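Take a look at the letters that make up each chain.
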Amino acid sequence: MRRSFVLFSILFLCAACTLPAQNLSGYWEGKIGITKTDSLTIGLQIDYQGDTLYAELDSPDQYFTGQPVSGLTFADSAIAFRVPDFGLNYEGTLSADGQRFTGTCTQYGRKFDCTLSQGATRKFFPRPQTPTPPYPYRTEEVNFRDRSGKKPLINGTLTLPQGQPKGLIIFISGSGWQDRDESLFAHKPFAVIADTLTKTGFATYRYDDFPAAIFRKSTTYDFADGVRLILDSLLQRVELQGLEVGLLGHSEGSLVASMVAADDKRIAFTIHLGGVAQPIDEILLYQSEAIARASGELTEKEIANGNAINKRIYSIVKKCKSKEECAEKIGKVWDELAAKLTDEEKVKYNLTPQNKLTALQTFSSPWYYELFRIDPRKYLKKIKTPVFAISGRKDMQVDANATEKIMDKYLTGKTLYYFYKMPGLNHLLQPCTTGSPDEYPLIETTIAPEVLDIIVSWCRKIAL
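Conventions used here
- Residues numbered from 1 in each chain as written.
- Predicted model: local features only at pLDDT ≥ 70, side-chain atom pairs only at ≥ 80, totals over all residues.
- Heavy atoms only, no water.
- Helix = DSSP H or I, 4+ residues; strand = E, 2+ residues; numbered from the N terminus.
- Polar contact = N/O pair within 3.5 Å; in protein donor to acceptor, adjacent residues only side chain to side chain.
- Contact = heavy atoms within 4.5 Å.
- Salt bridge = Lys/Arg side-chain N within 4 Å of Asp/Glu carboxyl O.
- Buried < 20%, exposed > 50% of the residue type's maximum accessible area, 1.4 Å probe, protein only.
- Pairing = 2+ DSSP bridges.
- Axes fitted to C-alpha atoms, helices over the stretch in contact; angles between N-to-C directions.
- Phe/Tyr/Trp six-rings, centres within 6.5 Å; stacked < 30°, edge-to-face > 60°.
- Lys NZ or Arg CZ within 6 Å of the ring centre and 35° of its normal.
- 1 Å grid on protein atoms, 1.4 Å probe; cavity = no way out; pocket = protein on both sides within 12 Å on 5 of 7 lines; lining within 4 Å.
- Points joined across faces, edges and corners; volume = space filled by probe spheres on them.
- Nonpolar A, V, L, I, M, F, W, Y, C, P; charged D, E, K, R; others polar.
- pLDDT = per-residue confidence, 0-100.
- Parallel < 35°, antiparallel > 145°, perpendicular 65-115°, else oblique.
- Left-handed = near helix turned anticlockwise from the far one by under 90°.

Engineer: In this structure, what is going on with the side chain of Asp-281? I would like to understand it.
Structural biologist: Among the structural elements, Asp-281 can be located in helix α5 (residues 280–295). Of note is the side chain of Asp-281, whose polar atom sits 3.3 Å from the side chain of Lys-318. With residues up to four places along the chain from it excluded, the contact list for Asp-281 reads Tyr-314, Lys-318 and Phe-372.

Engineer: Whenever I open this one, the pattern of salt bridges confuses me. Can you help?
Structural biologist: If charged atoms from side chains of opposite charge come close, those side chains can pair. Here the structure, examined in full by the defined rule, presents 25 salt bridges. Between Arg-100 and Asp-97 there is a salt bridge, and its shortest N-O distance comes to 3.6 Å. Given a relative accessible area of 32%, Arg-100 falls into the partly exposed group. Arg-266 is paired through a salt bridge with Asp-264; the nearest N and O atoms lie 2.9 Å apart. Judged by relative accessible area, Asp-264 falls into the buried class, the value being 11%. A cluster of three or more residues bridged by salt bridges with shared partners is formed by Arg-147, Asp-225, Asp-232, Asp-264 and Arg-266.

Engineer: Where do I start with the sheet that holds strand β12 (residues 152–160) in this structure?
Structural biologist: One key point about sheets: their strands pair by backbone hydrogen bonds, in either a parallel or an antiparallel sense. Here 8 strands make up an open sheet; going across it, the order is β11-β12-β14-β13-β15-β16-β17-β18 and the pairing mixed. Lying at the two open borders of the sheet, with one neighbouring strand each, are β11 (138–145) and β18 (417–422). Each neighbouring strand pair of the sheet contributes to a mean axis angle of 20°, computed without reference to strand direction. By the bridge criterion, 8 bridges tie β11 to β12 in an arrangement that is antiparallel. Bridging from a neighbouring strand, Arg-145 pairs with Pro-152 of β12. Packed onto the sheet, helix α12 (residues 400–411) meets β16 (267–273), β17 (387–392) and β18 and runs at close to 170° relative to β18.

Engineer: Would you take a moment to explain the packing of aromatic side chains for this structure?
Structural biologist: Aromatic ring pairs are reported here in terms of the distance separating the ring centres and the angle at which the planes meet. In this structure the tally under the stated criterion is 21 aromatic pairs. Joined through ring pairs, the aromatic side chains of Phe-269, Phe-388, Tyr-418, Tyr-420 and Trp-458 make up one cluster. The ring of Tyr-369 carries Arg-373 above its face, with NZ or CZ at 3.7 Å from the centroid.

Engineer: Help me understand empty space enclosed by the protein in this model?
Structural biologist: Empty space among the atoms becomes visible once a probe the size of a water molecule is rolled across them. Under the criterion given, the structure shown has 3 cavities of 30 Å³ or more. Each pocket or cavity is described by its volume, and for the largest cavity that value is around 150 Å³. If you go around the largest cavity, you meet 15 residues; those closest to its centre are Ile-172, Ser-173, Tyr-207, Asp-209 and Phe-223. Of all the secondary-structure elements, those providing two or more residues to the lining of the largest cavity are α3 (220–234) and α4 (252–261). Per element, the largest residue contribution to the lining of the largest cavity is 3 residues, and it comes from α3. Its residues assigned to classes, the lining of the largest cavity shows 8 nonpolar, 5 polar and 2 charged. In this structure, the second largest cavity encloses a volume near 80 Å³. Taken together, 11 residues form the lining of the second largest cavity, with Glu-182, Pro-189, Phe-190, His-250 and Leu-428 sitting closest to its centre.

Engineer: Looking at this structure, how should I read the pairing of strand β10 (residues 110–118)?
Structural biologist: Consecutive side chains of a regular strand alternate in pointing toward one face of the sheet and then the other. As paired elements, strand β2 (residues 26–33) and β10 share 2 bridges and run antiparallel to each other. Looking across to β10, one finds that Trp-28 is bridged to Gln-118. Bridging between strand β9 (residues 100–107) and β10 involves 8 bridges; their strand directions are antiparallel. Opposite Gln-107, over in β10, you have Arg-110 as the bridge partner.

Engineer: Help me out: how do you make sense of the confidence of the model for the protein chain in this one?
Structural biologist: Atomic detail in the predicted coordinates should be set aside for any region of low pLDDT. Per-residue confidence for the protein chain gives a mean pLDDT of 90, with 94% of residues at or over 70. Long-range and interchain partners of residues 1–21, a stretch whose pLDDT sits below 50, account for 90 contacts in this model, where long-range means more than four residues apart.

Engineer: Explanation requested: the environment of Leu-416 in the structure shown.
Structural biologist: Within the element layout of this structure, Leu-416 appears in the loop between α12 and β18. Distance in space between the C-alpha atoms of Leu-416 and Phe-269 is 9.2 Å, their sequence separation being 147 residues. For Leu-416, the residues in contact, after removing those within four places along its chain, are Pro-386, Val-387, Trp-458 and Ile-462.

Engineer: Would you take a moment to explain the environment of Asn-305 for this structure?
Structural biologist: Among the structural elements, Asn-305 can be located in helix α6 (residues 300–319). Separated by 51 residues in the primary sequence, Asn-305 and Lys-356 place their C-alpha atoms 18 Å from one another.

Engineer: Is there a simple way to explain the side chain of Thr-157 in this structure?
Structural biologist: Looking at the element boundaries, Thr-157 is found in strand β12. Thr-157 gets classed as buried once you look at its relative accessible area, which sits at 11%. Ignoring any residue separated from it by four or fewer positions in sequence, one finds Thr-157 in contact with Thr-139, Glu-140, Glu-141, Arg-180, Thr-204, Tyr-205 and Arg-206.

Engineer: What's the story with unusual backbone geometry in this structure? I'm lost.
Structural biologist: With the exception of glycine, the majority of residues adopt a negative phi angle, and the majority of peptide bonds are in the trans configuration. The omega torsion across Pro-133 and Pro-134 is 5°, close enough to zero to call that bond cis. Tracing the backbone shows Pro-134 in the loop between β10 and β11. The backbone of Ser-77 shows a phi angle near 70°, a positive value even though the residue is not glycine. Within the secondary structure, Ser-77 is located in the loop between β6 (70–75) and β7 (78–83). Backbone geometry places Ala-186, a non-glycine residue, at a positive phi of 70°.

Engineer: Teacher, can you tell me more about the packing of α6 against helix α7 (residues 323–338) here?
Structural biologist: Geometry of a packed helix pair, given as the angle between the helix axes and the separation of the axes. The N-to-C vectors of α6 and α7 enclose an angle of 160°; their axes lie 9 Å apart at closest approach. Relative to α7, α6 is oriented roughly antiparallel. Here the hand of the crossing between α6 and α7 comes out right-handed. Every residue of α7 that contacts α6 at Ile-309, Arg-312, Ile-313, Ile-316 and Val-317 is listed here: Cys-326, Lys-329, Ile-330, Val-333, Trp-334, Glu-336 and Leu-337.

What follows is the structure, encoded as structure tokens:
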């Protein structure tokens, strides 16, 4: 699971428009006021290619750079672009001196003032492991519609090695909307792993999560069915028939892999990276305690108080028989708890009115509500095919010790089960100092090279 950051989900997509009279080339930067006390920096890089204007949008606070923009228009001093998959639009007007755009960002009905001004220095974040073309293998965009055949559902990249593939590995990303590379803070771990495996002789398929409108209504069960849809479609291809098929899941993606592997005979093996084996409430309690302790901002008593609050709320979510009942009961308990606290304590324990609004939206969402009703152990004990798991000893988001204990219980004695608990690695399997999510963007290494080596070595055993 990923830490719940205050993120604006700004992943912007590509566009071009005809050459305007005003010279807009350069870097434009501004801030979006998310709340009264929190803002997010965004930047727009505009360049000319011949008589065409191109733009890329950055979110340096989230370590995203170079994300192409879609639907860009500029006319009569008015600029606009949009991101349909994220429900985001920007509209602004160029000032008389040509130095700033004043406008608004709109996302899912919420509006944020945003002025973009020229003059800032564009930031770049080195990620030396990210593969760049030309690749020594074939890549192909492969997309699928839903089971009705009416709606686009899954967009992804198939990589094919030179010669006959040794096997096919389908990648499944973790919690929250993720693109096919599982991009986070300019890291692209799935692109790195796919590149490594394809160079070794394996075909891979990695894909974007469902379109935003569908994703918001989906649950982990729907994500598992999405994997089955991919299998139904991909395995019709001549070059992929007869191959051993594996699932590689990171974080919640490993749960999805277990759900599919538990009852789908087409799956020959699963790979779990920072995988989950505990129920979600146990994972969240571990996560909040580990991260709070690492921050050094709370005393042990305050950490214990915070966990007591979380346990009470989680127990409500697990017992409620509907999302509506969940929202109603959490709201009442929230008010009861907050009434006993000072304003400072409300901030410390995340019990402010804004926190309440966010919590009610989250806990009553289809995905989160259903996730509290899934026990990963139910699926692990049904798996009869080889399982390979790697967790970082410094993982602060998923308890590696608890995961190992549960997997050992249900998988020991089965064909080719291995659990590697890697020293000095975090939830993203990066070499780290503390393991705190705050370190993720500061680390240049996307995934420890020794992890890549171990994955390749194990996959070769399976392919024999």
